[in-house]
Amino acid sequence: MRSSRERLASRWAGPTVTAVRACFACLRRTWLVARLAGRIECERRGRSGGLSLLLALGDEQLMRAVRAGGAVLGEYRTFDAGRARAAIRRAGLAAVCRHDGRYPAALGDLPDPPAVVHVAGDLELFIALTAPERPAVAVVGARKASPYGLEAARSLGRGLAAADVPVVSGLALGADAAAHAGALEVGGPTIAVLAGAAERAYPRSKRRLYDAVRRHGAVISEMPPGFTGHRWSFPARNRIIAALAGVTVVVEAAERSGSLITAELARDLGRDVGAVPGRITSPLAAGTNALLKDGAAVVAEPRDALDLACGVGQWTERDRRDQVPGHLRPLLTAVADGRETLDALVAAGHGVGEAMAGLAELEVLGHVRRAVGGRFVVAA
């Protein structure tokens, strides 16, 4: 069996697709939301139901709701879709709108689905990763995550991606970035959803991670090229994360957290929600432990999230083979011979990255399991 990295490389080795599959009405809607971004920020604070109700309004209703002036109406009436498409291409993006048959069906569950999804990366790969039959898991958490939270998010990203399950997150500092990084360690699929324009890394400090996600998965945004996120753009981004994933897992979250908003949105959509248990004395565990009290599933390892996404045991039947994948056999042999730690495997000639990725894949496939002291042992 080929690894996730090999399968993706063979399937998506072609050049980046920059098709703009977006109609006039959807491009104009996207322009309008960006044009009214400041007014939306002001209006949503005093409106019952807030952002979702605003974004669900039609174009003319939205302009009235935020009291847009005559200048905006004039620009709306003379909107040039050709210029909008050209701007998308100049930014190196692809795009698909909600009237296109390949628009992610999961986003249609939202009361206010994005008019256009802008894609930094291969559009065909993004469409495949968001196909209705393809389970995906969102992994979100605190920006100032603890070392425990970072390792938990990274481990979830590795395990899910090694099973070829797309990892969806927001590329934010902390747990989000760790989840993406974990997925990339095993060459697996991952999707980053941004609050600002898709062609710009946000935060800037995550430029290298952004580039890697763009190469191996997709970075997406509902907002047009050049857009700088407002405060409302982040909860708007969270609704896309929740909709794209069949399961949302929160790693760490304080009592008031954007991650909890994502979990609430996921529940409103009828999606499963899981949480990683935390120390009862840690403020960063207050949100996740509250989710567990409210009935969220306990996610202590990647298998728990895979069972939620695919059904108990179903992911094993889909991804496991009778024989160990050829590229993993030397690593499994080394573990069986007593080289049970990362240091021992590196000393035996395995590269650090190769050993970490291989152990993660072997663990998800059920060939090894973690033991005390950071050891890996062959599963019975």
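Everything below is about the structure shown above.
A. Region of the structure containing helix 15 (residues 302-310). Buried within helix 15 are the following residues: P302, A305, L306 and C310. Each buried residue of helix 15 sits inside an arc of 110° when the element is viewed along its axis, so together they form one side. Positioned one or two residues after helix 15, G311 has a phi angle of 100°, which is positive.

B. Structural detail: the layout of surface pockets. In this structure, the largest pocket spans a volume of roughly 820 Å³. Around the largest pocket sit 34 residues that line it, and F234, P235, N238, G258 and I261 are the ones nearest its centre. If you tally residues by element for the lining of the largest pocket, the top one is helix 13 (residues 258-268), at seven residues. Of the residues assigned to the lining of the largest pocket, the class counts are 15 nonpolar, nine polar and 10 charged.

C. Looking closely at unusual backbone geometry. Following Y202, the chain continues into P203 via a peptide bond in cis, with omega recorded as 0°. Here P203 lies in the loop between strand 6 (190-193) and helix 11 (207-216). Its identity is not glycine, yet R67 carries a phi of approximately 55°, on the positive side. As for its placement among the helices and strands, R67 is situated in the loop between helix 5 (59-65) and helix 6 (70-77). Since its relative accessible area comes to 58%, R67 is described here as exposed. At L171, a position not held by glycine, the phi torsion is positive, near 60°. Looking at the element boundaries, L171 is found in the loop between strand 5 (167-169) and helix 10 (175-185).

D. Looking closely at the packing of helix 17 (residues 329-336) against helix 19 (residues 352-364). Interaxial distance between helix 17 and helix 19 falls to 10 Å at its minimum, and their mutual angle equals 85°. It follows from the interaxial angle that helix 17 and helix 19 lie roughly perpendicular. Contacts between helix 17 and helix 19 involve L331, L332 and V335 from the first element and E354, A355, G358, L359 and L362 from the second. Residue composition of the contact of helix 17 with helix 19, grouped by class: six nonpolar, one polar and one charged.

E. Looking closely at the pairing of strand 7 (residues 218-221). Of the two faces of strand 7, the one holding A218 and I220 and the one holding V219 and S221 are both buried throughout. Note: strand 6 against strand 7, three bridges, orientation parallel. If you follow I191 over to strand 7, its bridge partner there is A218.

F. Up close: the environment of R279. The residue R279 is located in the loop between strand 9 (272-275) and helix 14 (286-293) in this model. Its relative accessible area of 62% is what places R279 among the exposed residues. For the pair R279 and E60, spaced 219 residues apart in the sequence, the C-alpha separation amounts to 49 Å. Aside from chain neighbours lying at most four places away, what touches R279 is A285 and N289.

Scoring rules and cut-offs
- Here the residue numbering is sequential within each chain, running from 1 through the sequence in written order.
- For a predicted model such as this one, the threshold for reporting local features is a pLDDT of at least 70, and the threshold for listing and counting side-chain atom pairs is 80 or more; totals across whole chains, interfaces and linings nevertheless cover every residue.
- Hydrogens and water are ignored here; the side-chain numbers use all heavy atoms of the structure.
- Between buried and exposed lies partly exposed: a residue is buried under 20% and exposed over 50% of the maximum accessible area for its type, with that area taken using a 1.4 Å probe on protein chains only.
- Elements are defined by DSSP. Helices are runs of H or I of four residues or more, strands are runs of E of two residues or more, and each kind is numbered from the N terminus.
- When we speak of the arc, we mean the arc of directions from the helix axis to the C-beta atoms.
- Only protein atoms enter the 1 Å grid used here, on which a cavity is any set of points holding a 1.4 Å probe that cannot leave and a pocket is any open set flanked by protein within 12 Å on both sides along at least five of seven lines; residues with an atom within 4 Å of a point are listed as lining.
- Grid points are joined across faces, edges and corners, and a volume is the space filled by probe spheres set on the points.
- Charged means Asp, Glu, Lys or Arg here, nonpolar means Ala, Val, Leu, Ile, Met, Phe, Trp, Tyr, Cys or Pro, and polar covers whatever is left, Gly included.
- Each axis is a line fitted through C-alpha atoms, taken for helices only over the stretch in contact, and angles between the N-to-C directions span 0 to 180 degrees.
- Here roughly perpendicular refers to angles of 65 to 115 degrees, roughly parallel to angles under 35, roughly antiparallel to angles over 145, and oblique to all remaining angles.
- Should any heavy atoms of two residues lie within 4.5 Å, those residues are counted as being in contact.
- DSSP bridges decide pairing: two strands pair if at least two such bridges lie between them.

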